[in-house]
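Observations on the three-dimensional arrangement
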Amino acid sequence: MEDIKINEDELLDLKMSDDLLVDVCRVIDVAQEVAYRAVNVALIKRNWLIGYRIATEELKDKTRSENYGLSIIKNLSKELSKKYGNGFSKTNLYNYYMFYKLYENIFHTVCGKSSIILSWSHYRCLLLITDDDARLWYEKEAIKETWSVRTLQRNISSQYYYRILKTSTIKEKQELDGKYNNLEFIKNPLTLEFLGLANNLSFTEADLESSIISNLQSFLMELGKGYSFVGRQYHIHTEKSDYYIDLVFYNYIIKCFVLVDLKIGKITHQDVGQMDMYVRMFDKLKKLNDDNSTIGIVLCTDTDEDIAKYSILNDNNKLFASKYKLYLPTEEELRREIELQKELFYLQQLEKDYE
């Protein structure tokens, strides 16, 4: 196993200024960060090695029963707790064992060799994911987007990976013509439990908008990757009239504006028509030459099969209807909702391929 190197010269390489307080504060802050990373790496190595040792002990006698590994952990926990106190419960030792089994080559990967590594608390969350592809995706996103442990937990609980609607059919279409790349950035459904609004819909669209603005950081994270806030009640003036779009964002990854219209209740064809007009107006009056075409999202409490199939949403990869929920559903409820929204996306985006 190769060592993960911590840049111990980071402190000595600090450049000093003429301000004593600023310099000392920087030294303290950097020293704390270096120490934290060193402790974190040592903790991860320790837990991995304990898991490795348990796994090798389990393999010593293959004639033993399947419960042999559990008995090893039980007995080891008892002895370690006597010697070191708390911290070596059966649950913790089993987590170390699973950590080794799932990340056997962690110290031979690019992430493992880097000083930028997730904390043990991050890995403990990842151990709960049974889908290997999903676990790898969450791990990469947590590193790339610098998710906190709390953010990672919420994204796992709200099934972020599955709500992006990554299906084999869509992946194949992307490889063929690149038409549906935007789907990766349109999450459906959105879970907005952090808004603190009553689920009985006893609030107005203005209340919803205000609550989103008050919780903008959480809302941006829930929207997905690459979103930045542009404005609320965004004003568009034409020769004939004035229009106001509820929320406008810009996605710097797909390089386009994203318009969001907030609705309470089920989506209507009038909602779709209005968003189509907003998108066309924005493309003509606001979009810069190097921007990609504007995307419009009608965010509603319920979507509709007929509208997905028969309205101008059909076969339009710039208009989307996304459902929001004001509470975090159970895993089973969310799974059913995701499958339902997938079907509506198929009706909207893929129907012509099946004709």
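Residues numbered from 1 in each chain as written. Predicted model: local features only at pLDDT ≥ 70, side-chain atom pairs only at ≥ 80, totals over all residues. Heavy atoms only, no water.

This part takes up the nonpolar core. Judged by nonpolar contacts, the single largest core of 35 residues is most densely connected at Leu93, Phe99, Tyr123, Leu126 and Tyr138. Of all the secondary-structure elements, those providing two or more residues to this core are helix H1 (20-58), helix H2 (68-84), helix H3 (90-102), helix H5 (120-126), helix H6 (132-144) and helix H8 (160-163). Here the element with the most residues in this core is H1; it accounts for six residues. If we ignore the near neighbours within four places in the chain, the residues touching Tyr123 are Ile44, Phe99, Tyr103, Ile106, Ile117, Leu118 and Glu139. Counting 29 residues, the second largest nonpolar core, distinct from the first, contains Leu195, Leu208, Leu216 and Tyr324. (Core = buried A, V, L, I, M, F, W, Y, C linked by side-chain atoms within 4.5 Å. Buried < 20%, exposed > 50% of the residue type's maximum accessible area, 1.4 Å probe, protein only. Helix = DSSP H or I, 4+ residues; strand = E, 2+ residues; numbered from the N terminus. Contact = heavy atoms within 4.5 Å.)

Judged by pairing direction, the sheet is mixed, and its six strands sit side by side in the order S1-S6-S5-S4-S3-S2 without closing on themselves. One side of each edge strand has no neighbouring strand; the edge strands of this open sheet are strand S1 (190-191) and strand S2 (227-237). Across two bridges, the pairing between S1 and strand S6 (residues 319-325) is parallel. Counted as the bridge partner of Thr191 is Lys325 from S6. In the packing of helix H12 (residues 269-285) onto the sheet, the strands contacted are S2, strand S3 (242-251), strand S4 (256-262), strand S5 (295-300) and S6, and the crossing angle to S4 comes to about 150°. (Pairing = 2+ DSSP bridges. Axes fitted to C-alpha atoms, helices over the stretch in contact; angles between N-to-C directions.)

Note that Ile254 resides in the loop between S3 and S4. Judged by its relative accessible area of 12%, Ile254 falls in the buried class. Taking the C-alpha atoms as reference points, Ile254 and Phe185, separated by 69 residues in sequence, lie 8.5 Å from one another.

On to the packing of aromatic side chains. What characterises a pair of aromatic rings is the spacing of the ring centres plus the angle enclosed by the ring planes. For the structure on display, the rule yields 23 aromatic pairs. Taken together, a centroid distance of 5.0 Å and an interplanar angle of 80° make the contact between Tyr161 and Tyr162 edge-to-face. Tyr161 sits in the buried class, given a relative accessible area of 14%. The class for Tyr162 is partly exposed, based on a relative accessible area of 25%. In this structure an aromatic cluster arises from ring pairing among Trp137, Tyr138, Trp147, Tyr160, Tyr161 and Tyr162. Stacked on the ring of Tyr160, the Lys or Arg Lys187 has its end atom at 3.6 Å from the ring centre. (Phe/Tyr/Trp six-rings, centres within 6.5 Å; stacked < 30°, edge-to-face > 60°. Lys NZ or Arg CZ within 6 Å of the ring centre and 35° of its normal.)

Model confidence for the protein chain is summarised by a mean pLDDT of 83, while 84% of its residues fall at 70 or above. Within the model, the stretch residues 351-355 combines pLDDT values under 50 with eight contacts to residues more than four positions away or in other chains. (pLDDT = per-residue confidence, 0-100.)

The subject of this paragraph is the pairing of S4. Among the seven residues in S4, seven count as buried, and that is most of the element. Residue alternation in S4 divides its side chains into two sets, Cys256, Val258, Val260 and Leu262 and Phe257, Leu259 and Asp261, and both sets are buried. Where S3 meets S4, five bridges bridge the pair, whose relative direction is antiparallel. Following the sheet pairing, Phe249 is matched in S4 by Val258. Once S3 ends, the chain turns through four residues before running back antiparallel as S4, passing Lys255 with a positive phi of about 55°. In this sheet, S5 lies alongside S4 in parallel orientation, the contact comprising five bridges. The partner of Val258 across the bridge, within S5, is Ile295. For the segment spanning S4, H12 and S5, crossover handedness is right-handed. (Right-handed = clockwise from strand over helix to strand, strands pointing away.)

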